[in-house]
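Okay, here's what each chain looks like letter by letter:
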Amino acid sequence: AQSVTQLDSQVPVFEEAPVELRCNYSSSVSVYLFWYVQYPNQGLQLLLKYLSGSTLVKGINGFEAEFNKSQTSFHLRKPSVHISDTAEYFCASVRAGTASKLTFGTGTRLQVTL
Amino acid sequence: EAGVAQSPRYKIIEKRQSVAFWCNPISGHATLYWYQQILGQGPKLLIQFQNNGVVDDSQLPKDRFSAERLKGVDSTLKIQPAKLEDSAVYLCASSTYRGRSTDTQYFGPGTRLTVL
């Protein structure tokens, strides 16, 4: 069985500061990894996904994530956050080669303040 | 391109009552998903359709939950009777016709259900 662990439930950060949201996955088989963002009262929106190839993945809104197989991690980063980045962020995995059944982490609340 | 539509956005019911949620996926998307998102948790897949056939309903509490997608487009999720623990946001998502693990899932805004 696969699982996703998001190590921080909340991350407070000042505007224009860098941020890293941590995600670790557990699976005995190959997985694809995703980061989704959920703004208040909205559905989830895909930020980026890792399928294969380069371990550094760039997404929308200036976010990027690095796949680290040895550490089984897929941390999300942004060099300079904006107030509008305040949202809930979910890491998710899906078993490669299967119908797309996403397994989500519990989410990290990013709170950006002035 | 219109996104995934869901209605209603909010619903408050008493326990033991029935409730239904509606979802209209993105045009041309054959794969449709229903997720349950309990407060403080990530979304959990309830059921996945490929066109009007069920691909995965292993986590659907079938004694009280049912879902259908009769014409391979719109879908309805029903709870009968509702319990307090069903209070959650119910998210609908859709993806392209193949429903592969690499596909991006597009989510609707969700229906927030409160059971009193």
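Refer to the structure printed above.
An account of the accompanying structure is given in this report.

Moving on, we come to the environment of B:K83. Residue and element names in this part refer to chain B. Mapped onto the elements of the fold, K83 is located in the loop between β8 (75-79) and β9 (88-95). Given a relative accessible area of 37%, K83 falls into the partly exposed group. Between the C-alpha atoms of K83 and T114, which are 31 residues apart in sequence, the distance is 9.8 Å. Once residues lying within four places of it in the same chain are set aside, the contact partners of K83 are R64 and V115.

Okay, the pattern of salt bridges next. Residue and element names in this part refer to chain A. In this structure the tally under the stated criterion is 8 salt bridges over all chains. A salt bridge links K58 to E64, with the shortest nitrogen-to-oxygen separation between them at 2.8 Å. Across the pair K78 and D85 runs a salt bridge, and its minimum N-O distance is 2.8 Å. D85 shares its class with K78; the two are buried.

Moving on: the interface of chain A and chain B. Residue-level contacts link 24 residues of chain A with 27 residues of chain B. Taking both partners together, chain A and chain B bury about 1700 Å²; carbon and sulfur atoms supply 50% of that area. Run the count over chain A and chain B and you get 1 salt bridge. Notably, a salt bridge pairs B:D56 with A:K101, separated by 3.3 Å at the nearest N-O pair. Sorting elements by how many residues they give to the side of chain A that touches chain B places strand β5 (residues 31-38) of chain A first, with 4 residues. When the residues that make up the side of chain A that touches chain B are grouped by side-chain class, the tally is 12 nonpolar, 9 polar and 3 charged.

Rules and cut-offs
- Residues numbered from 1 in each chain as written.
- Chains lettered and ligands numbered in written order.
- Predicted model: local features only at pLDDT ≥ 70, side-chain atom pairs only at ≥ 80, totals over all residues.
- Heavy atoms only, no water.
- Helix = DSSP H or I, 4+ residues; strand = E, 2+ residues; numbered from the N terminus.
- Buried < 20%, exposed > 50% of the residue type's maximum accessible area, 1.4 Å probe, protein only.
- Contact = heavy atoms within 4.5 Å.
- Salt bridge = Lys/Arg side-chain N within 4 Å of Asp/Glu carboxyl O.
- Buried area = accessible area lost by both parts, 1.4 Å probe.
- Nonpolar A, V, L, I, M, F, W, Y, C, P; charged D, E, K, R; others polar.

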